[in-house]
Amino acid sequence: MAQAASAGALPGGARAGRVASYALLLVITAIYLAPFLWMVSTSLKSATEATTVPPTLAPAKVDTSAYERVTGSESSTPVLRWFLNSVLAGVANTALVLATAAPAAYALARMDFRGKRVVFGIIVGTLFIPPIILLIPNYLIVSGLRWLDTLLAVIVPSAATAFGVFFLRQFFLGLPRELEEAALIDGATHWQVFSRVVIPLAKPALATLAVLAFLTNWNDFLWPIYVLFSPDSLTLPPGLGLLQGAYTIDYPVIMAGGVIASIPVLLLFAVAQRYVIEGVARTGIKG
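In this report, we go over the structure that sits alongside the text.

Each value, and the rule that gives it
- Residues numbered from 1 in each chain as written.
- Predicted model: local features only at pLDDT ≥ 70, side-chain atom pairs only at ≥ 80, totals over all residues.
- Heavy atoms only, no water.
- Helix = DSSP H or I, 4+ residues; strand = E, 2+ residues; numbered from the N terminus.
- Buried < 20%, exposed > 50% of the residue type's maximum accessible area, 1.4 Å probe, protein only.
- Contact = heavy atoms within 4.5 Å.
- Areas by Shrake-Rupley, 256 points an atom, 1.4 Å probe, with all protein chains shown as cover.

1. Examining the overall build of the chain
Inference 1: Each helix and strand counted, the chain has 14 helices and 0 strands in total.
Inference 2: Along the chain, from the amino end to the carboxyl end, the secondary structure elements read α-α-α-α-α-α-α-α-α-α-α-α-α-α.
Inference 3: Counting over 287 residues, the chain shows a buried share of 33%.
Inference 4: When contacts within the chain are restricted to residue pairs at least 6 apart in sequence, those whose partners lie at least 24 apart make up 75%.
Inference 5: Working note: accessible area of the chain is about 17,200 Å², and carbon and sulfur atoms make up 69% of it.

Structure, rendered in structure tokens:
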């Protein structure tokens with residue numbers, strides 16, 4: 001038993017390296033958590049305490065009035081309505097991204113047709129176009145469709161994403177062809193192979209793309225400003241900007257809005273974390 005214990009013990013250098021690694025991870029974690037914890041702390045302070053110098057790390061007295069104002073029924077700042085609009089827009093946009101990117105990526109990864117490389121090159125080439133250049137053309141299209149000041153304006157235009165096609169194509173290239181060939185031999189069509197064989201195997205990549213698409217839509221600030229006008233139609237990012245006055249800033253209210261905005265993101269990552277890590281690890285195995 002003594003020999004087993006000594007064999008299982010780590011050498012001094014290895015133990016010190018592990019301690020240093022954990023210490024570094026704790027420091028990095030603290031750096032990333034500090035802004036969020038500060039936001040939560042400020043949201044629970046009074047307006048006076050939030051602007052005191054030097055600032056206090058924790059509220060001297062917990063004050064939830066900021067959350068009461070944020071979740072109130074003021075017609076000019078319906079934060080809960082903005083929250084629901086953002087959730088609806090994010091979920092719908094994510095579903096459209098997956099519905100368009102997955103078939104296109106599978107066709108480019110597995111099917112042979114004339115001009116496939118050219119099509120894929122054009123799709124990848126659009127990744128190098130700055131999104132700001134497409135602002136006016138997209139606005140004109142949305143205006144022509146009469147989608148201005150509706151959630152369709154922030155759901156549909158970004159549904160066809162070149163990154164999603166590229167990302168899923170790399171994942172599909174890493175899947176073994178034998179599974180698809182066996183299904184085809186059994187009489188399955190290409191659509192059945194795609195929907196019943198490939199899609200179940202691609203859950204990690206699809207979950208990763210879903211998280212990225214949802215976060216992109218959830219955090220979008222510039223585009224909603226141009227296409228959403230009325231208070232009831234706004235999403236959270238531009239809506240929270242209305243909480244800041246022209247001459248005064250109510251920091252607890254703004255921070256309370258930020259805390260509410262971060263809840264879906266944290267829940268989404270907590271649920272999909274395992275799939276995201278697996279999807280990122282497996283994407284790019286081949287191709």
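Still more ground to cover, so stick around.
2. Thoughts on unusual backbone geometry
Inference 1: In this model, V53 is joined to P54 through a cis peptide bond whose omega is 0°.
Inference 2: For R146, which is not glycine, the phi torsion reads 60° and is therefore positive.
Inference 3: One can find R146 in the loop between α6 (135-144) and α7 (152-155).
Inference 4: The phi angle at D149 is positive, at roughly 65°, despite the residue not being glycine.
Inference 5: Checked against the element boundaries, D149 lands in the loop between α6 and α7.
Inference 6: By relative accessible area, which is 24% here, D149 ends up partly exposed.

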